[in-house]
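Examining the three-dimensional arrangement
So you can see what is in the structure, the chains are spelled out below.
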Amino acid sequence: MAKDLHELLRTLRVWDPEVTELPPFDPEAAPAEPLPLFTRWLAEAVAAGEREPHTPTLATADEDGLPDARVVMLHGADADGWSFASHATSRKGRQLAARPYAALTFYWPVLGRQVRVRGPVTSAPSEEAQADLHARSTGALAAALTGRQSEILASVEELARASEAAWEEARRDPAAKSPTWTLYRLRPDEVEFFQGDGARRHTRLSYRRSGDSWSTDLLWP
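Now for a description of the structure that goes with this document. It should be emphasised that the depicted structure is a prediction, and the values quoted were computed from it without experimental measurement. (Residues numbered from 1 in each chain as written. Predicted model: local features only at pLDDT ≥ 70, side-chain atom pairs only at ≥ 80, totals over all residues. Heavy atoms only, no water.)

**Section: the overall build of the protein chain**
For the protein chain, the helix and strand inventory stands at six helices and 10 strands. Principal-axis analysis of the C-alpha atoms gives the protein chain an extent of 55 × 50 × 40 Å. Each of the 221 residues in the protein chain was classed as buried or not, and the buried ones make up 36%. In the protein chain, 65% of the contacts between residues at least 6 apart in sequence involve partners at least 24 apart. Approximately 13,200 Å² of the protein chain is accessible, and the part contributed by carbon and sulfur atoms is 53%. Side chains of the protein chain give 26 positive and 33 negative charges; the mean places of these two sets differ by 3 Å. (Helix = DSSP H or I, 4+ residues; strand = E, 2+ residues; numbered from the N terminus. Buried < 20%, exposed > 50% of the residue type's maximum accessible area, 1.4 Å probe, protein only. Contact = heavy atoms within 4.5 Å. Areas by Shrake-Rupley, 256 points an atom, 1.4 Å probe, with all protein chains shown as cover. Lys, Arg positive; Asp, Glu negative; His and termini not counted. Charge placed at Lys NZ, Arg CZ, Asp CG, Glu CD.)

**Regarding the packing of helix α5 (residues 138–146) against helix α6 (residues 156–172)**
Helix-helix packing: each pair is described by the crossing angle between the helix axes and the interaxial distance. At a minimum axis separation of 8 Å, α5 and α6 run at an interaxial angle of 125°. The angle between α5 and α6 falls in the class oblique. Seen along the crossing, α5 lies across α6 with a hand that is right-handed. Residues Thr138, Gly139, Leu141, Ala142, Leu145 and Thr146 of α5 form the contact with α6, whose own contacting residues are Leu159, Ala162, Ser163, Ala166, Trp167, Glu169, Ala170 and Arg171. (Axes fitted to C-alpha atoms, helices over the stretch in contact; angles between N-to-C directions. Parallel < 35°, antiparallel > 145°, perpendicular 65-115°, else oblique. Left-handed = near helix turned anticlockwise from the far one by under 90°.)

**Examining the nonpolar core**
The biggest cluster of nonpolar side chains holds 26 residues, and the ones touching the most others in it are Phe106, Val115 and Phe193. At the level of elements, α2 (34–47), β4 (81–87), β5 (101–108), β6 (113–123), β7 (181–186), β8 (190–195) and β9 (203–210) are the ones that each hand at least two residues to this core. Excluding residues within four positions of it along the chain, Val115 makes contact with Phe38, Trp41, Leu104, Thr105, Phe106, Trp108, Val191, Glu192 and Phe193. (Core = buried A, V, L, I, M, F, W, Y, C linked by side-chain atoms within 4.5 Å.)

Listed below in structure tokens is the structure:
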């Protein structure tokens, strides 16, 4: 089995030229703050056909400092931070309550790009979280109303019953509230932009926050 996995891995390529274009990146022309560059890179990933470019990996740590990670959906990014949402009672919610610091990693292989965002996390006011939830689809509301995220599930039948009831409520009352639904904001201390290079001379530009301003450094690949 291990041999089969090793052989499979040997057949895979990173940045296959048939599907990947590695654009040039001049860090000297980068803006003074990271958000405008992130916005441009996200738009370019969309234009290049990247699938789900708004779904970064969120890394947190539990009460014992052990790492955890999962893919989430970006709900927005502005001067207040990069936003994502979940139940406060979920595993990630409990971890953020214990250790309110996290990291997001966006990976766009069609352009050979990564963006890494790291910083403290706060919760938006409840009314903002509910407004964010109700701006999404009926399915998103139904999933939030189903609740109990990360708890032990006794059977798939139990999930089906709870989900059907939540869908009925979401259709009947599109303004229904999910009390534990939380909009989180990661206000970055550091944002790194990585641009891959065919000769492996990758460009890494790191922004670091200092008060209300940013400084930049190049990093060795």
